[in-house]
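Okay, here's what each chain looks like letter by letter:
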Number of protein chains: 2
Amino acid sequence: MVDLWRAEPLHEQLAAILRTQIDKGELQPGQRLPSELALQQTYDVSRGTVRHALKVLRDEGKIVTYLGRGSFVPPKNQDL
Amino acid sequence: MVDLWRAEPLHEQLAAILRTQIDKGELQPGQRLPSELALQQTYDVSRGTVRHALKVLRDEGKIVTYLGRGSFVPPKNQDL
DNA sequence: GCGGATTTGTACGTATGTATG
DNA sequence: GCATACATACGTACAAATCCG
C-alpha cells in the first residue's frame, strides 16, 4: 500500500508497485491493468495520482493506454 | 482510415471522411449511406462513434436520417 | 398480412482525456 | 494532491421503424 508518510511521492510509490507486478509477471503481457477508478479505490489515492503513476509507466514503455479501453501490458516480443 | 492517435477525435475524422465522399460526389444525392453497422466494421470504431459522426453531418445538413431506413444524401435542389 | 432481417433510437455502464479550481 | 465536470470512446441490450421474402 502507498504510504502518506514516506518521502517518495505517492505516484512514484504506486508506479513502483505496478512496475513490480509487471516485472514479476503478476500482470501478464496483453493483460489489462485495473481501471483508474479501481486503482484509485485500491490504493486510496486520487485519480490524478493514479494517472500520474500510469504516465510514468507509459513513459517507461511498461504499459500502453487506449482511450476508452484501458491500460495494458504490451507483449514483450515484436509480433504486432 | 481513422487513427486512434491523431489529435482529432475519431468521430470528427470519420465525419471528415464521409463529408469528403459527399462533396466529391462519391455519395450521390438521394443515395443511402452505409449502415451504422457497416461503417462500424469498415472503420473499426464503435457504433457510438459512428452515430456521433453522423450527427455531425446531420447538423451540417449533409445527410438526413430516417428510423429503420438509414441515412441519405439529400437532393441539392428543392424538389421535395 | 406475417415473420424475420435490417437499420436507427435510446439507455446504461465503464473507461480514459482534458480542463478547472 | 484532490475533487469535479465534461468530452471522447467502447460495449451491451433492447425498442421502434422499416424492408423483404
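Residues numbered from 1 in each chain as written. Chains lettered and ligands numbered in written order. Predicted model: local features only at pLDDT ≥ 70, side-chain atom pairs only at ≥ 80, totals over all residues. Heavy atoms only, no water.

1. Concerning the protein's contact with DNA strand C
Right, so step 1: Lining the immediate environment of DNA strand C, one finds 23 residues, of which Glu-36 and Arg-51 of chain A together with Glu-36, Arg-47 and Arg-51 of chain B sit closest.
Right, so step 2: In DNA strand C, atoms within 4 Å of the protein come from the sugar-phosphate backbone in 61% of cases.
Right, so step 3: For DNA strand C, a phosphate oxygen lies 2.7 Å from a polar atom in the backbone of Glu-36 of chain B.
Right, so step 4: At 2.7 Å, a side-chain N or O of Arg-47 of chain B approaches a base nitrogen of DNA strand C.
Right, so step 5: Mapped by element, the contributors of at least two residues to the surface near DNA strand C are α3 (47-59), β1 (64-66) and β2 (70-72) of chain A together with α3 (47-60), β1 (64-66) and β2 (70-72) of chain B.
Right, so step 6: Partitioned by chemical class, the residues of the surface near DNA strand C number four nonpolar, ten polar and nine charged. (Near = heavy atom within 4 Å. Polar contact = N/O pair within 3.5 Å; in protein donor to acceptor, adjacent residues only side chain to side chain. Helix = DSSP H or I, 4+ residues; strand = E, 2+ residues; numbered from the N terminus. Nonpolar A, V, L, I, M, F, W, Y, C, P; charged D, E, K, R; others polar.)

2. Considerations on the protein's contact with DNA strand D
Right, so step 1: The local shell around DNA strand D holds 19 residues, among which Ser-46 and Thr-49 of chain A together with Leu-10, His-11 and Thr-49 of chain B are the closest.
Right, so step 2: Thr-49 of chain A places a side-chain nitrogen or oxygen 2.4 Å from a phosphate oxygen of DNA strand D.
Right, so step 3: Backbone polar atom of Leu-10 of chain B to a phosphate oxygen of DNA strand D: 2.4 Å apart, as the coordinates give it.
Right, so step 4: Among the secondary structure elements, those contributing two or more residues to the surface near DNA strand D are α1 (10-24) and α3 of chain A together with α1 (10-24) and α3 of chain B.
Right, so step 5: Ranked by residues supplied to the surface near DNA strand D, first place goes to α3 of chain B with three residues.

3. So, the environment of Pro-75 of chain B
Residue and element names in this part refer to chain B.
Right, so step 1: Here Pro-75 lies in the segment after β2.
Right, so step 2: We classify Pro-75 as partly exposed; its relative accessible area is 34%.
Right, so step 3: Sequence separation of Pro-75 and Lys-62 is 13 residues, and the distance between their C-alpha atoms is 9.9 Å. (Buried < 20%, exposed > 50% of the residue type's maximum accessible area, 1.4 Å probe, protein only.)

4. Let's talk about unusual backbone geometry
Right, so step 1: With phi around 55°, Asp-44 of chain B is a residue other than glycine that occupies positive phi space.
Right, so step 2: Examined against the element boundaries, Asp-44 of chain B turns out to sit in the loop between α2 (36-43) and α3.

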